[in-house]
Amino acid sequence: MRYLLLSLADENTPAPDEKLFAEMGAFIEEMSAKGVLLATGGLEPGGLRMTSSGEEFTVTDGPFTEAKEVAVGFALVEVRSRDEVLELARRFRRIVGDGVSEIRRVQ
Amino acid sequence: MIDAVWRLESAKIIAALTRLVGDVGLAEEFAQDALVAAMEQWPAEGMPGTPGAWLMSVARRRAIDHIRAERRHDLTHGRLAHDLRQGDTTGEDDRDDTLRLMFLSCHPVLPPPARVALTLKLLGGLTNAEIARAFLTGEQVIARRIADAKRTLAEHRVGFDLPGPAEAAERLASVLEVVYLIFNEGYAAASGDDLMRPGLTLEALRLGGMLAEAAPQSEVLGLLALMEIQTSRADARTGPSGEPIPLHEQNRGRWDRLRVRRGFAAMLRARELGGPPGPYLLQAAIAVCHAQAPSAEETDWDQIVSLYELLVRLTPTPVVRLNRAVAVGMARGPRAGLDLTEDLTADPALRDYHLLPAVRADLLLRLGRTEAARREFLRAAALADNAAERAFLERRAAAIPAAEPTGALLGPAVAAFLAGRPGATARSYGQTLGRLRAALGEHTPVAELTPAETARVAAAAWGGTAARTWNRHLAALRSFCAWAGRPDLAADLVRRPEPSPEARPAPVWRDTDAALRERALWWLLHESAAPVTRVLALNVEDLDLDDRRSRTGITWRSRTAALLPDLIGDRTHGPLFLSGRRPAPARAPAEGDLCPHTGRRRLSYERAEHLFKTATGHTLSALRLT
């Protein structure tokens, strides 16, 4: 089963430091080699937003002030069970520190 | 949650412990101890920050306690404590240990099913119950298989060291084979199966990943690439009702591009290593060709054919040759492909393989030989195990309008022929002609058969058998062909000279003055070449004295035939060979082993062996001819 993990951040989230980068690099390498981590990446904080209404398409530039927490990174994983994805998320959060991850099964 | 941690960490823990204690069975016990401790402590005290390290340190403590206790008992054994002080191992040690554990689990002294079970258990962290579910067997079976495997490893004193260069290639090949076996077991699982079965593909991918990390060699990466690309087609390869969709008809939009990309990446790493490509790398390269083609028509079939040419040279198995025929059929036209399948139709290994007639049917259809194609589809359907696949092949056959039948069809003709024979003959001939029906198809008109086809079937089915067996099948074929008005069909088949009884080595008991029962048994064993247990299992009512054969398929010749009437006497039922005494009341044998006439029991193997040994000094197996 596949899950998408989104890590969320708000204005209080500290910027990543060298140590975090090193630990995260090792973690990503380990999980990729195991075949667990299929894809991962960081996301720009703002981005674009497109709204459609009938024939009308509107594009807005970020950042979007109404959103308190925004997704700053994602990981697509292939796991054996729900427990396993939770364990992975736990390891990930141990490295990045306080904050929130959203975990969604890919259907 | 503990389970998930265990699954992710167990390989590393068991590998490190095996290095410490030198015995994989003990290592697993200590690791299990740690797991039990975790199940006791974590729910109450909360999960530790680094659960893997926690499990490892508990297990190590158990192992070290064990070693200390052992050393106190036996100081002279002086096992060095060099590992005991060592703290956390480095990543490199972990990888090395994992590789050692894989080599151990896949050791050639173990039978392949044991290698698979042990690998899934020790490296995949699966429970016995999960392995049993995945292989559609009982938990007890797996438990016993694993226990036996550990004992075998201990008995053979299989060390935890990495194999030397001379042995390394063979040992690695065994690991690759086990991983691919696990993969295929999962890949072959139908959609309705227990999810544990398809889950095996994921286990195999993880094992492949672990192996590629520990031993990044070109064949390892080739296998990984092959598995990734095959997995990418998992969703596209079956239709809504479970029928298989051939590669060239699959909706390529449903191929999992992430998996394809991982396959390509592994392939690139393999290519960078250089060296001559092995079988896995070649298969992966073929898979890459398919994955790169935007559509079936745009596939680089010439490239695929040349890869198959290389593969056939390394592994000339019938299945590889069949796949090459498919590729050639695409690259150079159906005629060339069909020509390559002709040889294969004479290969005994493929005689029940439904994909051979299925491939031929496709090629025949493209050549416009619709009636022949229809019959091959029907034959393929009759051989297919999987219901969805059978239905699919039947539909393909039904889509071709049947030609007006020209005269009798093979299936009904054989049935009519057998119906006119006496029982024993019909049974014996039925075996021979059943093979002919299966190989040439029920619906093939007898008038269209060719002598070459019958010769091919006979060679594939019985070419390797003893002269007597060959001649028996030949007699059945001739009889049928003559009856069907096609004596020419069997004309190319030649009887083989049978070794005359005189030419055989003189039986070792010839000069002994043994009792009638002994002489009858020994001659029967000698003339029938049947297993001792089957001969002892004969009952009087099974025998056809005129035909010199039993209902259980044992045949004999003149010497036995001369002795049997006296041995049987007035008996009509019960064991043919009886022991000398009546059994004591307390030790009554099963009813079938008791003679209704004399109340004696069936002669036992042990007793028969003893009598022969006393008389001749040989064991009974010396009687069997090969």
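Residues numbered from 1 in each chain as written. Chains lettered and ligands numbered in written order. Predicted model: local features only at pLDDT ≥ 70, side-chain atom pairs only at ≥ 80, totals over all residues. Heavy atoms only, no water.

**Q** Tell me what's going on with the overall build of chain A, and back it up with residues and numbers.
**A** Along the backbone of chain A there are 2 helices and 6 strands. When the helices and strands of chain A are placed in sequence order, the string is β-α-β-β-β-β-α-β. Taken over 107 residues, chain A has a buried fraction of 33%. (Helix = DSSP H or I, 4+ residues; strand = E, 2+ residues; numbered from the N terminus. Buried < 20%, exposed > 50% of the residue type's maximum accessible area, 1.4 Å probe, protein only.)

**Q** Talk me through a nonpolar patch on the surface; I want residue IDs and the actual numbers.
**A** A grouping of A:Leu48, A:Met50, A:Phe57 and A:Val59 is seen on the molecular surface, where their side chains present a nonpolar patch of about 480 Å² in accessible area. Looking at the element boundaries, A:Phe57 is found in strand S4 (residues 56–61). (Patch = residues over 30% accessible without salt bridge, like charges linked within 9 Å, V, L, I, M, F, W, Y side chains within 5 Å. Areas by Shrake-Rupley, 256 points an atom, 1.4 Å probe, with all protein chains shown as cover. Salt bridge = Lys/Arg side-chain N within 4 Å of Asp/Glu carboxyl O.)

**Q** Account for empty space enclosed by the protein, with residues named and values stated.
**A** All names here are of chain B. In the structure shown here, the tally under the stated rule is 2 cavities of 30 Å³ or more. Taken as a whole, the largest cavity holds about 150 Å³ of empty space. What lines the largest cavity is a set of 14 residues, and nearest its centre among them are Thr345, Arg351, Arg379, Ala439 and Arg456. Secondary-structure elements contributing two or more residues to the lining of the largest cavity are helix H16 (355–366), helix H17 (370–383), helix H20 (423–440) and helix H21 (451–462). If one sorts the elements of the lining of the largest cavity by residue count, H21 sits on top with 4 residues. For the lining of the largest cavity, the residue count by class is 9 nonpolar, 1 polar and 4 charged. Three or more residues apiece are contributed to the lining of the largest cavity by two domains, here domain 2 (251–376) and domain 3 (410–490). (1 Å grid on protein atoms, 1.4 Å probe; cavity = no way out; pocket = protein on both sides within 12 Å on 5 of 7 lines; lining within 4 Å. Points joined across faces, edges and corners; volume = space filled by probe spheres on them. Nonpolar A, V, L, I, M, F, W, Y, C, P; charged D, E, K, R; others polar. Domains from an automatic or database assignment.)

**Q** Give me the nonpolar core: which residues, what numbers.
**A** All names here are of chain B. By size, the foremost hydrophobic cluster in this structure holds 102 residues, and its most contacted members are Leu17, Leu55, Leu101, Ile182, Leu211 and Met227. Of all the elements, helix H1 (residues 2–21) adds the most residues to this core, at 11 residues. Every residue in contact with Leu55, bar those within four places of it in the chain, is listed here: Val5, Trp6, Ile13, Ala34, Leu35, Ala38 and Trp42. (Core = buried A, V, L, I, M, F, W, Y, C linked by side-chain atoms within 4.5 Å. Contact = heavy atoms within 4.5 Å.)

**Q** Describe the side chain of B:Arg549, naming the residues involved and giving the relevant values.
**A** All names here are of chain B. Within the secondary structure layout, Arg549 lies in strand S2 (residues 549–550). No salt bridge is formed by the buried Arg549, whose closest oppositely charged neighbour, Asp547, lies at an N-O distance of 4.0 Å. If sequence neighbours within four positions are ignored, Arg549 has contacts with Ala424, Ser428, Arg472, Asp542, Leu543, Asp544, Ile554, Thr555 and Trp556. (Lys, Arg positive; Asp, Glu negative; His and termini not counted.)

**Q** How would you summarise the interface of chain B and chain A if you had to cite specific residues and measurements?
**A** In this complex, chain B contributes 23 residues to the contact, which on the side of chain A involves 21 residues. The largest share of the area that chain B buries against chain A comes from B:Met1, B:Leu8 and B:Arg206, three residues that together contribute 33% of it. Linking chain B to chain A there are 5 salt bridges. Between B:Arg206 and A:Glu84 there is a salt bridge whose closest N-O contact spans 2.6 Å. At the junction of chain B and chain A, the tally comes to 11 residue pairs in polar contact (both at pLDDT 80 or more). Going through the elements one at a time, H1, helix H9 (199–214) and helix H11 (257–273) of chain B are the ones with two or more residues in the side of chain B that touches chain A. (Buried area = accessible area lost by both parts, 1.4 Å probe. Polar contact = N/O pair within 3.5 Å; in protein donor to acceptor, adjacent residues only side chain to side chain.)

**Q** I'd like to hear about the sheet that holds strand S1 (residues 2–9) of chain A, residue by residue, with values.
**A** Residue and element names in this part refer to chain A. A sheet is described by the order of its strands in space; here 4 strands give the open sequence S2-S5-S1-S6, paired in antiparallel fashion. Edge positions in the sheet fall to strand S2 (37–42) and strand S6 (100–105), since each has one partner strand and no second. Neighbour-to-neighbour, the strand axes of the sheet open up by a mean angle of 20 degrees, direction not taken into account. Pairing of S1 with strand S5 (residues 70–78), which is carried by 8 bridges, proceeds in the antiparallel orientation. Paired with Leu5 across the bridge in S5 is Ala75. (Pairing = 2+ DSSP bridges. Axes fitted to C-alpha atoms, helices over the stretch in contact; angles between N-to-C directions.)

**Q** Outline the pattern of salt bridges, supporting the account with residue identities and numerical values.
**A** Summed over the entire model, instances satisfying the criterion amount to 40 salt bridges over all chains. A:Arg2 is paired through a salt bridge with B:Asp256; the nearest N and O atoms lie 2.4 Å apart. Of this pair, A:Arg2 sits in strand S1 while B:Asp256 sits in the loop between helix H10 (218–232) and H11, placing the two residues on different chains. Look at A:Arg2 and you get buried, because its relative accessible area is 18%.

**Q** Requested: an account of the packing of helix H23 (residues 516–528) of chain B against helix H26 (residues 605–616) of chain B, with residues and values cited.
**A** Residue and element names in this part refer to chain B. For the pair H23 and H26, interaxial distance at closest approach is 11 Å and the crossing angle is 95 degrees. With respect to H26, the axis of H23 lies roughly perpendicular. Packed against H23, whose contacting residues are Arg517, Glu518, Leu521 and Trp522, the element H26 presents Ala608, Leu611, Phe612 and Ala615 at the interface. (Parallel < 35°, antiparallel > 145°, perpendicular 65-115°, else oblique.)

**Q** Lay out the pairing of S4(A) with the relevant residues and their values.
**A** Residue and element names in this part refer to chain A. Where burial is concerned, little of S4 is hidden: 0 out of the 6 residues are buried. The sheet contact formed by strand S3 (residues 48–53) and S4 spans 6 bridges and is antiparallel. Residue pairing for S4: Thr51 is matched across the bridge by Thr58. Counted between consecutive antiparallel strands, the loop separating S3 from S4 contains 2 residues, among which Gly54 sits at a positive phi close to 60 degrees.

**Q** Quick rundown of the confidence of the model for chain B? Include the residues and the values.
**A** All names here are of chain B. Residues of chain B with pLDDT of at least 70 account for 92%, and the chain-wide mean is 86. This stretch, residues 76–88, has a pLDDT under 50; its non-local contacts, to residues over four places away or in other chains, come to 18 contacts. Taken over the whole predicted complex, pTM reads 0.69, whereas the ipTM for its chain interfaces reads 0.78. (pLDDT = per-residue confidence, 0-100.)

**Q** Could you give an account of the packing of aromatic side chains, naming the residues involved and the relevant values?
**A** All names here are of chain B. For the structure on display, the rule yields 9 aromatic pairs over all chains. Ring centres 6.2 Å apart and planes at 5 degrees place the aromatic pair Phe417 and Tyr429 in the stacked group. Within this pair, whereas Phe417 is found in helix H19 (residues 410–419), its partner Tyr429 is found in helix H20, the two being separated by 12 residues in sequence. Take Phe417: its relative accessible area is 0%, and that puts it in the buried class. The exposure class of Tyr429 is buried, given its relative accessible area of 17%. Clustering of aromatic rings is evident, with ring pairs tying together Tyr180, Phe183, Tyr187 and Tyr280. Lying over the aromatic face of Tyr187, Arg237 brings its terminal NZ or CZ to 3.8 Å of the ring centre. Here the guanidinium or amino end of Arg496 rests over the ring plane of Trp470, the centre of that ring lying 4.2 Å away. (Phe/Tyr/Trp six-rings, centres within 6.5 Å; stacked < 30°, edge-to-face > 60°. Lys NZ or Arg CZ within 6 Å of the ring centre and 35° of its normal.)

**Q** So, H9(B): which residues are in play, and what are the values?
**A** Across its 16 residues, H9(B) extends 23 Å between first and last C-alpha, which sits within 8% of the 22 Å expected from 1.5 Å per residue. By the criterion of burial, H9(B) is predominantly enclosed, with 14 of the 16 residues buried. (Expected span 1.5 Å × (residues − 1).)

**Q** Can you break down the confidence of the model for chain A residue by residue, with the values?
**A** The predicted model of chain A has a mean per-residue pLDDT of 88, with 99% of residues at 70 or higher. For chain A, the element scoring lowest by mean pLDDT is helix H1 (residues 18–34) of chain A, at 88; S6(A) scores highest, at 94.

**Q** I'd like a description of the side chain of B:Thr98, backed by residues and values.
**A** Position of B:Thr98 relative to the elements: it lies in helix H4 (residues 91–105). Excluding its chain neighbours within four sequence positions, the residues that come into contact with B:Thr98 are B:Ala15, B:Leu123 and B:Met210.

**Q** Let's hear about H17(B): which residues, and what values?
**A** Residues and elements named next belong to chain B. With 14 residues, H17 should cover 20 Å at 1.5 Å per step; its first-to-last C-alpha distance of 20 Å lies within 8% of that length. Of all 14 residues in H17, 10 are buried, a share of seventy percent or more. Among the residues of H17, those classed as buried are Glu371, Ala373, Arg374, Arg375, Glu376, Phe377, Arg379, Ala380, Ala381 and Leu383. Check the buried side of H17 and you find it contacts H16, helix H18 (387–398) and H20.

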